Amino acid sequence: MPPTESHRGLRRAGIVIAVIAIVIVVSGIGIRVSDQREMTEWTEEQAIPTVAVVAPTQGEADARIDLPGRLEAFARAPLNARVSGYLKAWKADIGTPVKSGQLIAEIEAPDIEQQLLQAEADLASAEANAALAASTAKRWQSMLGRDSVSKQEVDEKVGDLAAKEALAKAARANVERLRTMRGFTRIVAPFDGVVTARNTDIGELITAGGGSGRELFVVSDTRKLRVYVNVPQSYVSRLNTDANAVITVPEHPGRQYSAAVAASAGAVNVATGTTLMQLTVDNQAGELLPGGYASVSFELAGGAQALRVPASALIFDQSGLRVATVDSQSRVVMKPITIARDHGHFIEVAGGIEAADRVISTPPDGLMAGTAVRVIEPAAQEANAG
């Protein structure tokens, strides 16, 4: 039985519905694939870290460096005892100005006095024997001309005279030695200065010890002071021996004192990486105290200028101290650096980066060399901040 018109209509409708269904399914799959691709691209895009970069700035050509220093007297003389005895008296206490040769203390040394008396008696005896030997030798020499004595006997008398004169010289030298030792019972100031220490008192037993014994007094010349400063190696080349400095001390806030570099050790201390420098400062007014702390400010003129980067840019890990930079391909390049000076919020770098580098100001955790990053340029940063 041939198909009717209604059957053919139903078949055509079924085909249309099937086609529509296939189109809907294919379209849905396409949309899903497109959405998945967009999601993947968006996820990958979000996985790229966004970083802000800054350009290193030049430090000032006339920058200054502040370092701790130690004040010392220009001349300091510990006074020790050269003779043993008891302290008889002291004439100057701590803080007393003294002149060169001024008596500071006296030591009572009865042993020296007795030894000197004995030595003077020995000298008198030796001189008397020498005088007798001289007259005897002269008399025997006159008798030799009359053939009254032999040449051998005359030579013996002359030899005896020489021996007696040598003994007299030895006795005279011993007397002079003891007189010199008696002079050491007077402790005097070696130069003009101030007594800065007194470690003895009247009646104390004094034992001669030279430089190894306890110092009885200390005299210091404080009219000019030495200032010792340990300068980091990176700054030594920028400080000449005629460089000037400004000194401040805690006990005089707001006051500044001019100092000049007098000498340099000319070598780097292996333990500290610094070079010891000596400065001199005038102290005629006596406002600076030897042994005290001072802050020394040097003017660094000339030489290469250090580059400055934010302190937040530093990365310190097992590879050492580094900063992260971004190359022309927007990939991270790690560069080791050497810190010249820490200013707190920014760092002066002595080497490792160049002025044209783009330094990541705040690198995210886990950032590695070769990582692709999205860069926020300085202009964009300012716009965002605004």
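Residues numbered from 1 in each chain as written. Predicted model: local features only at pLDDT ≥ 70, side-chain atom pairs only at ≥ 80, totals over all residues. Heavy atoms only, no water.

**With respect to the pattern of salt bridges**
Step number 1: Per the stated rule, a full pass over the model turns up 11 salt bridges.
Step number 2: As a salt-bridge pair, Arg172 and Glu127 come within 3.1 Å of each other at their nearest N and O atoms. Of this pair, Arg172 sits in helix α3 (residues 151–183) while Glu127 sits in helix α2 (residues 110–145), and the two are 45 residues apart along the sequence.
Step number 3: Residue Arg172 is classed as partly exposed on the basis of its relative accessible area, which comes to 36%.
Step number 4: For Glu127, a relative accessible area of 35% gives the class partly exposed. (Salt bridge = Lys/Arg side-chain N within 4 Å of Asp/Glu carboxyl O. Helix = DSSP H or I, 4+ residues; strand = E, 2+ residues; numbered from the N terminus. Buried < 20%, exposed > 50% of the residue type's maximum accessible area, 1.4 Å probe, protein only.)

**Focus: the environment of Ala173**
Step number 1: Note on placement: Ala173 falls in helix α3.
Step number 2: Here the alpha-carbon distance between Ala173 and Leu123, two residues 50 residues apart in the chain, equals 9.1 Å.

**Digging into the sheet that holds strand β7 (residues 186–188)**
Step number 1: Pairing within the open sheet is antiparallel, and its four strands lie in the order β7-β6-β4-β9. Looking at strand neighbours, the two that pair on one side only are β7 and β9 (205–206), the edges of this open sheet.
Step number 2: The sheet contact formed by strand β6 (residues 103–108) and β7 spans three bridges and is antiparallel. In the sheet register, Leu103 faces β7, and the bridge partner there is Val188. (Pairing = 2+ DSSP bridges.)

**With respect to the pairing of strand β16 (residues 314–317)**
Step number 1: Where β16 and strand β17 (residues 320–326) come together, four bridges link them in antiparallel fashion. From the neighbouring strand, Asp317 faces β17, where its bridge partner is Gly320.
Step number 2: Linking β16 to β17, which pair antiparallel, is a turn of two residues.

**So, the pairing of strand β14 (residues 293–299)**
Step number 1: In this sheet, β14 lies alongside strand β3 (residues 64–79) in antiparallel orientation, the contact comprising seven bridges. Looking at β14, one finds that Gly69 is bridged to Ala294.
Step number 2: Bridge count between strand β11 (residues 244–248) and β14: four bridges; the pairing is antiparallel. By the bridge assignment for β14, Ala245 is matched with Phe298.

**Quick word on the packing of aromatic side chains**
Step number 1: Inspection of the entire model under this criterion finds zero aromatic pairs.
Step number 2: A cation over an aromatic ring shows up here: Arg198 above the ring of Trp90, its NZ or CZ 4.2 Å from the ring centre.
Step number 3: One cation-aromatic arrangement involves Lys224 over Phe74; the distance from NZ or CZ to the ring centre is 5.1 Å. (Phe/Tyr/Trp six-rings, centres within 6.5 Å; stacked < 30°, edge-to-face > 60°. Lys NZ or Arg CZ within 6 Å of the ring centre and 35° of its normal.)

**Let's talk about the side chain of Thr274**
Step number 1: Relative to the helices and strands, Thr274 resides in strand β13 (residues 274–282).
Step number 2: We classify Thr274 as buried; its relative accessible area is 12%.
Step number 3: One polar contact links Thr274 to Thr272, side chain to side chain, over a distance of 2.7 Å.
Step number 4: The contact partners of Thr274, leaving out residues within four places of it in the chain, are Asn230, Val231, Pro232, Gln233, Ala267, Val268 and Asn269. (Polar contact = N/O pair within 3.5 Å; in protein donor to acceptor, adjacent residues only side chain to side chain. Contact = heavy atoms within 4.5 Å.)

**Here's the deal with the nonpolar core**
Step number 1: Residues Ile247, Leu279 and Phe298 are the most contacted members of the largest nonpolar core, which totals 25 residues.
Step number 2: Elements with a minimum of two residues in this core: β3, β10 (217–232), β11, β12 (257–264), β13 and β14.
Step number 3: The greatest single-element share of this core, amounting to four residues, is contributed by β10.
Step number 4: Of all hydrophobic cores here, the second largest spans 20 residues; its members include Ala77, Leu79, Val83 and Leu87. (Core = buried A, V, L, I, M, F, W, Y, C linked by side-chain atoms within 4.5 Å.)

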